[in-house]
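# Structure assessment
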Amino acid sequence: MSTPLERGVETLKSQVDARVESYFSSCTGCGVCAEACLFYLETGDPRYTPIYKTEPLRKVWKNEHTLWGKLSTGLGLSKPIQESDLSDWEELVYDGCSMCSRCSMVCPVGIDIAYLIRKVKEGLSAAGFVPEGLQRAGERALEFGSPMGLTTQSLRNAIAALEKEEGVSIPVDVGGAEYLCMLSSNEVVLYSEYITSLSKIFSAAGISWTLSSKYFEATNAGVQKGDSGLAAQLLERVVEVATELGVKTIVSPECGHAYITIRWDAPNLLGRELPFRVVHILELLDQLRAEGRLILSGSFDERLTYHDPCNISRRGGVLAQPRHLLNQLTPNFVEMHESGEMNWCCGGGGGVSSNERAEPLRLKVFNIKKRQLEALNVSTLVTACSNCRIMLEEGLEHNDMEDVEVVGLTELVAEHLE
Amino acid sequence: MFEQLVDGIFWDIALVVFFVGIIWRIVDVLRRGTSKDLSVSRNSGVPGAIMANIRGFFPHREIAPRVRMKVVAGYMFHLGFLILLFFAAPHVKFIAEHITGFSWTAMPYWAFVVTAQVAFAGLILLWIHRLLHPVTRLISRRDDHVGAILVFLVMLTGCMALAEISSELRVFHRFTVELLMIYFPFSALMHAIMFVPSRAYTGAMFGRRGVDL
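We now turn to the structure provided with this report. (Residues numbered from 1 in each chain as written. Chains lettered and ligands numbered in written order. Predicted model: local features only at pLDDT ≥ 70, side-chain atom pairs only at ≥ 80, totals over all residues. Heavy atoms only, no water.)

## Topic: the overall build of chain A
What counts here: A helix here means a DSSP run of H or I that spans at least four residues, while a strand means a run of E at least two residues long, and both kinds are numbered starting from the N terminus. As defined in this context, the radius of gyration uses C-alpha atoms, and a globule is described by 2.2 Å times the residue total to the power 0.38. Note on exposure labels: buried denotes an accessible area under 20% of the residue type's maximum, exposed denotes more than 50%, and partly exposed covers the range between, all computed with a 1.4 Å probe on protein chains only. The contact criterion used throughout is that any non-hydrogen atoms of two residues lie within 4.5 Å.
Helix and strand content of chain A: 21 helices and eight strands. At 22 Å, chain A has a C-alpha radius of gyration in line with the 22 Å of a compact globule built from 418 residues. Its C-alpha atoms give chain A principal-axis dimensions of roughly 75 × 50 × 35 Å. Looking at chain A as a whole, 66% of its 418 residues are labelled buried. Within chain A, contacts between residues separated by at least 24 positions form 82% of all contacts whose residues are at least 6 apart in sequence.

Below, the structure is given as structure tokens:
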């Protein structure tokens, strides 16, 4: 029976691949990554330097895969990984990194630090060093199918209420539908206008779509926690319902990590190609606009800007689509100083938002977003991730900036259908 | 005796360790491999890998003002070092006699002095920054300092040897070069080679997703 430390170290060892090896072999310790990290810049604490957060994995790589490491470990000159090497990094990795990948964009030797952090999380998770909030989110996701503990009955209740109150039709479990829309739990309990908007948009475009009453959750607590086994189990449920319904395309909701997980990571986590296509809702909306199937009308008169969710823009590649849509909707769309692939994170990505312990730090690093918004003097902040939306609303409230309204782009599109 | 060793067996050992070590490190990376990305890509990863290798030479626009000193000092040292390596008159002669069989125009003495000063200034600036800045001080390892000291010694002895006042200075320079060659494959100095696959892996990943680094 192995100890948690042994499990953590073994897991870290198993994470070393050619990318990890070339990354650590290239690092010169130049510290440029720190200059792109909101956690370092807003706290001034060098421990938040992105590459420093990968230290547990680097130590394993050094001890196991370098000549000096093997020699010094063999001769007893360097210590093997201790429990403190893992426990001391839990806060840095889970509280002080939103896996926004901004550091990966600027590293002079091209290290994808977010890729390394993801692997560090696997080791910490295997050793049991996971924040309580994330641990519980993972357990709820496995038990109920939702990190918030929502059941499919909750979804059915929400749908019934929306159909009654909004007068829309929301198809459920329609076999052979063109699109299966996955949701995040946030969109069921907090931003149900997203579901209403889907109904209006698909109706206007004449598209068949459906929700699944069996499994609706697109977010993946396994990815946030750093537990590939859990991540794969949750993804299998998505594949199962899509296969049962016979849909050809899954629509990822307004959620950053849900999108990269289903779109980019799922085939690799499952070890096979997906039997369906995955698109983000913004990709689909822009495609429908370009095809003339979605005619937008009216103009949004107030000055607005767009917050790029990191995993949709920088790590997901959905950069042009929201801008096409916003420029169609309003002449008053303005960009933040650093946007698109170099946007600043809301501070709550990578599972930070599920980690109550990280809240003070998260609100502190929100200062970057606050300054970006103050410089623009906008009244509306549009985004396309329900998690970002919560973080933005909380951050604005914390800074007495409630006069800036946060809205989802899908909702904005639905409000301006011809 | 020492001169014979440095010009003879030490040099042979250094050459073998340098090239075999580098090849071993590269093969080690390739052998480890990565699992095939099964996701459906938007674009080919190849242009992304190539562009990442080119763009990596320039700091990202958004952070350029914050890293100006590092970039300028980095270029001063690296370019200066490469120019000295390939265009200092004794090096041109040595390479022609021992490796290529042909030579090219060496830089004049005054250019050597200027280049050496620029390279020294860059190296010293980077090192001071490494020691003084809280971030680089925290993330620097012994290996980073050993590498910097070795390179500094190689450059220093090289400048001293250029005057050709005594044969001992040339031998001492060659000895430090041999130490550097033996240390290189097993140290952070390998970044001089490994940055290529590193940038390529990341560039390909982003490229497949339609994001320009």
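## As for the interface of chain B and chain A
To keep things clear, this is the line we draw: Buried area adds together the accessible area that both of two parts lose upon being put together, with accessible area traced by a 1.4 Å probe. Any carboxyl oxygen of Asp or Glu that lies within 4 Å of a side-chain nitrogen of Lys or Arg is treated as forming a salt bridge with it.
Each partner contributes to the interface: chain B provides 49 residues, whereas chain A provides 61 residues. Together, the buried faces of chain B and chain A total about 4,600 Å²; carbon and sulfur atoms form 59% of this surface. Area buried by chain B at its contact with chain A is led by Leu38(B), Arg42(B) and Arg209(B), which between them contribute 14% of it. Counting the contacts that link chain B with chain A gives four salt bridges. A salt bridge links Arg209(B) to Asp265(A); the nearest nitrogen and oxygen atoms lie 3.7 Å apart.

## Examining the nonpolar core
The nonpolar side chains of a soluble globular protein tend to be buried with one another. Our working rule: Residues belong to one nonpolar core when they are buried, are Ala, Val, Leu, Ile, Met, Phe, Trp, Tyr or Cys, and are joined through side-chain atoms within 4.5 Å.
Residues Ile111(A), Leu116(A), Leu183(A), Leu409(A), Leu412(A) and Val413(A) are the most contacted members of the largest nonpolar core, which totals 118 residues. Setting aside residues no more than four positions away along its own chain, Ile111(A) makes contact with Tyr23(A), Cys27(A), Ile51(A), Ser104(A), Leu116(A), Ser198(B) and Thr202(B). With 28 residues, the next largest nonpolar core counts Ala14(B), Leu84(B), Phe120(B) and Leu162(B) among its residues.

## With respect to unusual backbone geometry
Residues and elements named next belong to chain A. Phi angles above zero are rare outside glycine, and methionine 99 is one such case at about 50 degrees. Relative to the helices and strands, methionine 99 is located in the loop between helix H6 (83–95) and helix H7 (102–106). Positive phi outside glycine occurs at aspartate 173, with the angle close to 55 degrees. Its location among the elements puts aspartate 173 in the loop between helix H10 (152–166) and strand E1 (179–181). Exposure remark for aspartate 173: the relative accessible area of 36% places this residue in the partly exposed category.

## Describing helix H15 (residues 256–270) of chain A
Condition: In a helix, the anticipated span is given by 1.5 Å times the number of residues less one. In this analysis the local bend is the angle between axes fitted, respectively, to the seven residues ending at and the seven residues starting at the residue.
Between its first and last C-alpha, H15(A) extends 20 Å over 15 residues, near the 21 Å set by a 1.5 Å rise per residue. Of all bends in H15(A), the biggest is about 55 degrees, found at Trp264(A), and the proline Pro267(A) comes one to four residues later. With respect to burial, H15(A) is a largely interior element, twelve of its 15 residues being buried. Looking only at H15(A), the buried set comprises Gly256(A), His257(A), Ala258(A), Tyr259(A), Ile260(A), Thr261(A), Ile262(A), Arg263(A), Trp264(A), Ala266(A), Pro267(A) and Leu270(A). Where H15(A) is buried, its residues meet helix H13 (221–225), helix H14 (228–245), strand E3 (249–252), strand E4 (277–280) and helix H16 (281–290) of chain A together with helix H10 (191–208) of chain B.

## So, the sheet that holds E1(A)
Residues and elements named next belong to chain A. Just so we agree on the cut-off: Strands pair, by our definition, only if DSSP identifies at least two bridges between them. Note on geometry: axes are lines fitted to C-alpha atoms, helical ones only across the stretch in contact, with angles between N-to-C directions running from 0 to 180 degrees.
Strand order in the open sheet formed by four strands is E2-E1-E3-E4, with parallel pairing between adjacent strands. What marks the edges here is a single partner per strand, and that holds for strand E2 (209–210) and E4. The strands that H14 touches are E1, E2 and E3; relative to E1, the one it contacts most, it runs at about 145 degrees.

## Brief notes about the packing of aromatic side chains
Each pair of aromatic rings is reported with the distance of its centres and the angle of its planes. Operational definition: The aromatic pairing rule takes the rings of Phe, Tyr and Trp, using the six-membered ring of Trp, and pairs them if the centres are within 6.5 Å, calling planes under 30 degrees apart stacked, those over 60 edge-to-face and the rest tilted. Consider the ring centre and the ring normal. A charge sits over the ring if Lys NZ or Arg CZ is within 6 Å of that centre and within 35 degrees of that normal.
Scanning the model with the defined rule gives 18 aromatic pairs over all chains in all. On the numbers, 6.2 Å between centres and 15 degrees between planes, the contact of Tyr179(A) with Phe202(A) is stacked. Separated by 23 residues along the polypeptide, Tyr179(A) in strand E1 and Phe202(A) in helix H12 (residues 193–205) bring together distant segments of the chain. A residue is classified by how much of its surface remains accessible, and Tyr179(A), at 4% relative accessible area, is buried. Site record: aromatic cluster; members linked through ring pairs are Trp68(A), Trp24(B), Tyr183(B) and Phe186(B). Above the plane of the ring of Trp344(A) lies Arg102(A), whose end atom (NZ or CZ) is 3.5 Å from the centre. The ring of Phe57(B) carries Arg199(B) above its face, with NZ or CZ at 4.4 Å from the centroid.

## Considering the environment of Glu42(A)
All names here are of chain A. This is how the line gets drawn: The term polar contact refers here to a pair of N or O atoms within 3.5 Å; inside protein, the definition further demands a hydrogen-donor-capable atom paired with an acceptor-capable atom, and it admits residues adjacent in sequence only when both atoms are side-chain atoms.
The residue glutamate 42 is located in helix H3 (residues 38–43) in this model. Excluding its chain neighbours within four sequence positions, the residues that come into contact with glutamate 42 are Lys364, Val365, Asn367, Ile368 and Arg371. Looking at glutamate 42, its side chain comes within polar contact range of the side chain of arginine 371, at 2.5 Å.

## As for the packing of helix H1 (residues 4–14) of chain A against helix H8 (residues 113–126) of chain A
Residues and elements named next belong to chain A. The following threshold applies: Put simply, angles under 35 degrees are roughly parallel, angles over 145 are roughly antiparallel, angles from 65 to 115 are roughly perpendicular, and the rest are oblique. In this scheme, a crossing is called left-handed if the near helix is turned counterclockwise away from the far one by less than a right angle; it is called right-handed if the turn is clockwise. When residues are sorted by character, Ala, Val, Leu, Ile, Met, Phe, Trp, Tyr, Cys and Pro go into the nonpolar class, Asp, Glu, Lys and Arg into the charged class, and all the rest, Gly among them, into the polar class.
Direction vectors running N to C along H1 and H8 enclose 160 degrees, while the axes themselves pass 7 Å from each other. Comparing their axes, H8 and H1 come out roughly antiparallel. Note on packing geometry: the crossing formed by H1 with H8 is right-handed. Across from Pro4, Arg7, Gly8, Thr11 and Leu12 in H1, the residues of H8 making contact are Lys119, Val120, Glu122, Gly123 and Ala126. In terms of residue class, the contact of H1 with H8 is made up of four nonpolar, three polar and three charged.

## Considering the environment of Met194(B)
For Met194(B), the location among the structural elements is in helix H10. Between the C-alpha atom of Met194(B) and that of Ala89(B), which follows or precedes it by 105 residues, the distance is 29 Å. With sequence-adjacent residues up to four places away left out, Met194(B) is seen in contact with Ser22(A), Ser25(A), Ser26(A) and Val29(B).

## Looking at the sheet that holds strand E6 (residues 333–334) of chain A
All names here are of chain A. Here four strands make up an open sheet; going across it, the order is E6-E5-E7-E8 and the pairing parallel. Each end of this open sheet is capped by a strand with a single partner; those strands are E6 and strand E8 (405–408). Pairing of strand E5 (residues 304–307) with E6 involves two bridges; the strand directions are parallel. Note on E6: the bridge partner recorded for leucine 304 is phenylalanine 333.

## Let's talk about the environment of Phe57(B)
Turning to its location among the elements, Phe57(B) is positioned in the loop between helix H3 (45–55) and helix H4 (68–87). Separated by 18 residues in sequence, Phe57(B) and Tyr75(B) place their C-alpha atoms 9.4 Å apart.

## Structural notes on the pattern of salt bridges
Tallying each qualifying case throughout the model produces 42 salt bridges over all chains. The partner of Arg66(B) in a salt bridge is Glu35(A), with the nearest N and O atoms 2.6 Å apart. In this pair, Arg66(B) is assigned in the loop between H3 and H4 and Glu35(A) in the loop between helix H2 (18–26) and H3, connecting two distinct chains. With a relative accessible area of 49%, Arg66(B) lands in the partly exposed category. We note a salt bridge from Arg136(A) to Glu132(A), for which the minimum N-O separation is 3.5 Å. With Arg136(A) and Glu132(A) both in helix H9 (residues 132–144) and four residues apart, this pair spans about one turn of that helix.

Keep in mind that these numbers describe shape and distance, not what the molecule does.
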